[in-house]
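Observations on the model geometry
If you want the building blocks of each chain, they are given just below.
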Amino acid sequence: LIEPSDIPNAPRSLLVILSSGCPSKLDAKFTTLEPFDHAKDKSSKQIFNDLCGGKLAKWIDPVELYSKNKYFVSADGCLAAWARVPNILAGGSVLMMQNEYQQYFYPGLQPWVHYVPVKKDMSDLFPAYDYLVKNPKLAKKIADNGAAFADECLSPEAISKYFGKLLSQLSSCYAS
């Protein structure tokens with residue numbers, strides 16, 4: 001878990017801070033108090049209030065969320081954004097991703113092919129976004145490539161096949 005003193009510099013916190021300064025380009029809010037709840041001191045609640053005025057985002061139906069937005073940022077918080085990345089890819093939106101933590105399929109994703117890489121400090125987020133807006137064909141190609149990757153590699157059948165093969169290979173290690 002993230003330490004309270006590290007919360008303001010965590011990538012997801014930086015998104016919330018950037019969003020407050022440029023809401024026309026970025027709408028980022030916390031959806032849970034989890035990173036703040038595990039703190040051993042009261043300073044974490046003050047950090048939360050300082051970062052976002054003490055307000056959590058309202059819940060949005062995922063179908064609505066993923067169907068009405070063209071660009072999404074996935075950034076590490078306390079953990080990786082485990083469920084978000086496959087949904088963004090499958091939804092045909094442009095994924096702008098910062099990640100230190102990895103899911104099993106991340107090595108198959110190629111920067112500027114399936115997603116747009118973003119630095120941990122988010123310093124390149126708005127320049128990358130502006131570049132994509134000025135180059136809609138590139139943005140569409142990245143979104144289409146991400147959707148094709150999700151269809152090929154992240155469908156229930158593909159996941160089952162992948163883990164079946166993995167478990168088979170692991171079992172052969174124990175059989176010998």
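Up top is the structure.
Reference entry: report on the structure contained in this document.

Reading the values: rules and limits
Residues numbered from 1 in each chain as written. Predicted model: local features only at pLDDT ≥ 70, side-chain atom pairs only at ≥ 80, totals over all residues. Heavy atoms only, no water. Core = buried A, V, L, I, M, F, W, Y, C linked by side-chain atoms within 4.5 Å. Buried < 20%, exposed > 50% of the residue type's maximum accessible area, 1.4 Å probe, protein only. Helix = DSSP H or I, 4+ residues; strand = E, 2+ residues; numbered from the N terminus. Contact = heavy atoms within 4.5 Å. Patch = residues over 30% accessible without salt bridge, like charges linked within 9 Å, V, L, I, M, F, W, Y side chains within 5 Å. Areas by Shrake-Rupley, 256 points an atom, 1.4 Å probe, with all protein chains shown as cover. Salt bridge = Lys/Arg side-chain N within 4 Å of Asp/Glu carboxyl O. Phe/Tyr/Trp six-rings, centres within 6.5 Å; stacked < 30°, edge-to-face > 60°. Lys NZ or Arg CZ within 6 Å of the ring centre and 35° of its normal. Pairing = 2+ DSSP bridges.

**Details of the nonpolar core**
A general trend in soluble globular proteins is that nonpolar side chains are found buried together. Judged by nonpolar contacts, the single largest core of 20 residues is most densely connected at Leu-15, Val-94, Met-96, Val-116, Met-122, Leu-125 and Leu-132. Looking at this core, the elements with two or more residues in it are helix H1 (11-21), strand S2 (94-97), helix H6 (125-134) and helix H7 (136-153). The biggest single contributor to this core is H6, with 5 residues. Residues within four places of Met-122 in sequence aside, it is in contact with Pro-11, Leu-14, Leu-15, Leu-18, Ala-75 and Gln-98. By size, the runner-up hydrophobic cluster in this structure holds 14 residues, among which are Val-85, Leu-89, Tyr-115 and Phe-149.

**With respect to a nonpolar patch on the surface**
On the surface, Leu-167, Leu-170 and Tyr-174 cluster together to form a nonpolar patch covering roughly 380 Å² of accessible area. Counting through the fold element by element, Leu-167 comes out in helix H8 (residues 156-175).

**Quick notes on the packing of aromatic side chains**
For the coordinates displayed, the defined rule picks out 8 aromatic pairs. Their ring planes at 85 degrees and their centres at 5.4 Å tell us that Tyr-104 and Phe-105 sit as a pair that is edge-to-face. What makes Tyr-104 partly exposed here is its relative accessible area of 30%. For Phe-105, a relative accessible area of 5% gives the class buried. Seen in terms of ring centroids, Phe-105 and Phe-149 are 6.3 Å apart; in terms of plane orientation they differ by 45 degrees. Their pairing is tilted. Within this pair, whereas Phe-105 is found in the loop between S2 and strand S3 (116-117), its partner Phe-149 is found in helix H7, the two being separated by 44 residues in sequence. Residues Phe-105 and Phe-149 agree in their burial class; the two are buried. Here a set of aromatic residues connected by ring pairs shows up, and it is made of Tyr-104, Phe-105, Tyr-106, Phe-149, Tyr-162 and Phe-163. Across the ring face of Phe-126, the terminal group of Lys-25 is positioned such that the distance to the ring centre comes to 5.5 Å.

**Some points on the sheet that holds S3**
A sheet is described by the order of its strands in space; here 3 strands give the open sequence S1-S2-S3, paired in parallel fashion. Because the sheet does not close on itself, it has two edges, and the strands there are strand S1 (71-74) and S3. Relative to S2, S1 is paired through 4 bridges, and the arrangement is parallel. Bridge assignment links Tyr-71 to a residue of S2, and that residue is Val-94.

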